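Tertiary structure, described
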Amino acid sequence: MSIQQLHTLEDLEQYVAKPGKKLLFKHSTTCPISAKANEEFQAYLKDADTAAAVVLVIEDRPVSNQIAEDFGIKHESPQLFLLEDNEVRWNTSHWKITRDAIKEAVNQ
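Note that the structure is predicted; figures quoted are calculated from it, not measured. (Residues numbered from 1 in each chain as written. Predicted model: local features only at pLDDT ≥ 70, side-chain atom pairs only at ≥ 80, totals over all residues. Heavy atoms only, no water.)

**Concerning the overall build of the protein chain**
Secondary structure assignment for the protein chain yields 4 helices and 5 strands. Going residue by residue from the N terminus, the α and β elements of the protein chain occur as β-α-β-α-β-α-β-β-α. The globule rule puts the C-alpha radius of gyration for 108 residues at 13 Å, and the 12 Å found for the protein chain is close to it. Once the C-alpha set of the protein chain is aligned to its principal axes, its extents read approximately 30 × 30 × 25 Å. Burial analysis of the protein chain (108 residues in total) assigns 45% to the buried set. In the protein chain, the share of contacts with a sequence separation of at least 24, taken over all contacts with a separation of at least 6, comes to 64%. Of the accessible surface of the protein chain, which amounts to about 5900 Å², a share of 47% is contributed by carbon and sulfur atoms. (Helix = DSSP H or I, 4+ residues; strand = E, 2+ residues; numbered from the N terminus. Rg over C-alpha atoms; globule rule 2.2 N^0.38 Å. Buried < 20%, exposed > 50% of the residue type's maximum accessible area, 1.4 Å probe, protein only. Contact = heavy atoms within 4.5 Å. Areas by Shrake-Rupley, 256 points an atom, 1.4 Å probe, with all protein chains shown as cover.)

**Quick word on the pattern of salt bridges**
Applying the stated criterion across every chain, the model contains 5 salt bridges. Here Glu84 makes a salt bridge to Arg89, at a shortest N to O gap of 3.4 Å. Residue classification places Glu84 among the partly exposed residues on the basis of a relative accessible area of 22%. Across the salt bridge formed by Asp85 and Arg89, the nearest N and O atoms sit 3.2 Å from each other. In this structure Asp85 comes out as exposed when scored by relative accessible area, which is 52%. (Salt bridge = Lys/Arg side-chain N within 4 Å of Asp/Glu carboxyl O.)

**A few points about helix α3 (residues 61-71)**
Taken together, the buried positions of α3 are occupied by Val63, Ser64, Ile67, Ala68 and Phe71. With its buried residues spanning 145 degrees around the axis, α3 presents them on a single face. Residues Pro62 and Glu69 are exposed on α3 and point more than 90 degrees away from its buried face. Considering only its buried residues, α3 is in contact with α1 (9-17), β2 (22-27), β3 (51-56), β4 (79-84) and β5 (87-93). Once α3 finishes, Gly72 follows within two positions and takes phi at roughly 65 degrees, a positive value. (Arc of directions from axis to C-beta.)

**Describing the sheet that holds β2**
Judged by pairing direction, the sheet is mixed, and its 5 strands sit side by side in the order β1-β3-β2-β4-β5 without closing on themselves. The open sheet has two edge strands with one neighbour each: β1 (4-5) and β5. Running over the sheet, α1 touches β1, β2, β3 and β4 and is turned about 150 degrees from β2. Relative to the sheet, helix α2 (residues 32-46) contacts β2, β3 and β4, its axis offset from that of β2 by approximately 160 degrees. (Pairing = 2+ DSSP bridges. Axes fitted to C-alpha atoms, helices over the stretch in contact; angles between N-to-C directions.)

**Comments concerning unusual backbone geometry**
Note that the residue after Ser77, namely Pro78, is joined by a cis bond; omega there is 0 degrees. Within the secondary structure, Pro78 sits in the loop between α3 and β4. The phi dihedral of Asn86 is positive, around 65 degrees, even though this residue is not glycine. Mapped onto the elements of the fold, Asn86 is located in the loop between β4 and β5. Positive phi values are uncommon outside glycine, yet His94 reaches one of about 50 degrees.

Have a look at this one:
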């Protein structure tokens, strides 16, 4: 499944409003931890049909900031959210972003 990149606040709003479970990944293109988290995220998506989107925190900072505001969760990067019904069901960050952790959260 392809990963949608969210560039605008409108992109974010539309993505969050979509039905079903979906993943939202905040990715820092300059951070080695984020690079590793991105590998795990991609590895999970290879065998999954969960909708997924990414926000590049440096390039699209307003979108990144809006996520922290909308969900009341302190910004970290890398950071991963599982969304359903406009709410965050689960979130984690840094080294805790692993393929297995994502799988477990989505299948709960």
